[in-house]
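A structural walkthrough
What follows is each chain in one-letter form.
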Amino acid sequence: MLTALSPADGEAIVPLASIKQRIRVIDNAEDADIERMRGQAIDWVERYTGIALDRRQFEYADRQFCRRIALPVGPIASVDAIAYDDVNGAEQVLTAADWRFGGGAVFTAAGKRWPVSIGDPGSVRITFTAGLEDAEAEAPMLIAAVCVGVAALFANREAPDW
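Residues numbered from 1 in each chain as written. Predicted model: local features only at pLDDT ≥ 70, side-chain atom pairs only at ≥ 80, totals over all residues. Heavy atoms only, no water.

1. Here we look at the overall build of the protein
A tally of helices and strands in the protein yields five helices and eight strands. Mapped from its N terminus to its C terminus, the protein presents α and β elements in the order β-α-α-α-β-β-β-β-β-β-β-α-α. In terms of C-alpha radius of gyration, the protein reaches 19 Å, well past the compact-globule figure of 15 Å for 162 residues. Expressed along its principal axes, the backbone C-alpha trace of the protein runs to roughly 60 × 30 × 20 Å. By sequence separation, contacts in the protein at least 24 residues apart represent 71% of the contacts at least 6 residues apart. Counting only carbon and sulfur atoms, one obtains 52% of the accessible surface of the protein, whose full area is about 9300 Å². (Helix = DSSP H or I, 4+ residues; strand = E, 2+ residues; numbered from the N terminus. Rg over C-alpha atoms; globule rule 2.2 N^0.38 Å. Contact = heavy atoms within 4.5 Å. Areas by Shrake-Rupley, 256 points an atom, 1.4 Å probe, with all protein chains shown as cover.)

Given below as structure tokens:
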């Protein structure tokens, strides 16, 4: 299970003024709705592509370690911590010498083995930092997709939320 430890910074990803210009809104009466729609569109684009549009921390949790643990969102800037609940239920934190990172996945370090976890949901936790530093420069088509999503939500704002 993937959890964002902080929300996406919608204003840094696509400023409200930029969205309002694209959907041709000149007053401030609907700013709160447009900001909500921007958040929904960002969430959809990130889930669809697996790319975080701004840099932030995430936690990936699973029942147990496996040979290769693929992290489900990128681009990954760093793996910050790996913790697990041992067979007695006590939290243990691995050192950086116990694992290595490459190609969007975490592996055991050479000559090491993953420890045995208790096997409950969320008993293995990987905290990592991922996301684009400047989405407008690095992935302009994803920013366009966010804007198209906001425009669609705005045009159909009387319909139930998507």
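2. Comments concerning unusual backbone geometry
Of all residues except glycine, most have a negative phi; of all peptide bonds, most are trans. Gly74 connects to Pro75 through a cis peptide bond whose omega is -10 degrees. Of note, Pro75 is situated in the loop between β3 (69–70) and β4 (76–85).

3. Considering the packing of aromatic side chains
If you walk through the whole model with that rule in mind, you get four aromatic pairs. Taking 5.7 Å as the distance between ring centres and 20 degrees as the angle between the ring planes, the aromatic pair formed by Phe58 and Phe128 counts as stacked. Here Phe128 lies in strand β8 (residues 124–130) and Phe58 lies in strand β2 (residues 56–62), a separation of 70 residues in the sequence. The residues Phe58 and Phe128 share a single accessibility class, namely buried. Each member of the aromatic cluster is reached from another via a ring pair, and the members are Phe65, Tyr84 and Trp114. (Phe/Tyr/Trp six-rings, centres within 6.5 Å; stacked < 30°, edge-to-face > 60°. Buried < 20%, exposed > 50% of the residue type's maximum accessible area, 1.4 Å probe, protein only.)

4. Some remarks on the pattern of salt bridges
What the rule picks out here adds up to 10 salt bridges. Where Arg56 meets Asp54, a salt bridge forms, and the shortest distance between an N and an O atom there is 2.2 Å. By the burial criterion, Arg56 is buried, and Asp54 matches it. Within this structure, Glu46, Asp54 and Arg56 form a network of salt bridges that share partners. (Salt bridge = Lys/Arg side-chain N within 4 Å of Asp/Glu carboxyl O.)

5. Let's talk about the packing of helix α3 (residues 31–49) against helix α5 (residues 140–155)
Contact geometry for α3 and α5: axes closest at 8 Å, N-to-C directions at 130 degrees. When the axis of α3 is compared with that of α5, the two are oblique. Crossing hand, α3 versus α5: right-handed. Mapping the contact onto sequence places Ile34, Met37, Arg38, Gln40, Ala41, Ile42, Val45 and Thr49 in α3 and Leu142, Ala145, Val146, Gly149, Val150, Leu153 and Phe154 in α5. (Axes fitted to C-alpha atoms, helices over the stretch in contact; angles between N-to-C directions. Parallel < 35°, antiparallel > 145°, perpendicular 65-115°, else oblique. Left-handed = near helix turned anticlockwise from the far one by under 90°.)

6. With respect to the environment of Asn88
Within the secondary structure, Asn88 sits in the loop between β4 and β5 (91–93). Put simply, Asn88 and Val150 are 62 residues apart on the chain and 48 Å apart in space, counted from C-alpha to C-alpha.

Purely geometric numbers; function is a separate question.
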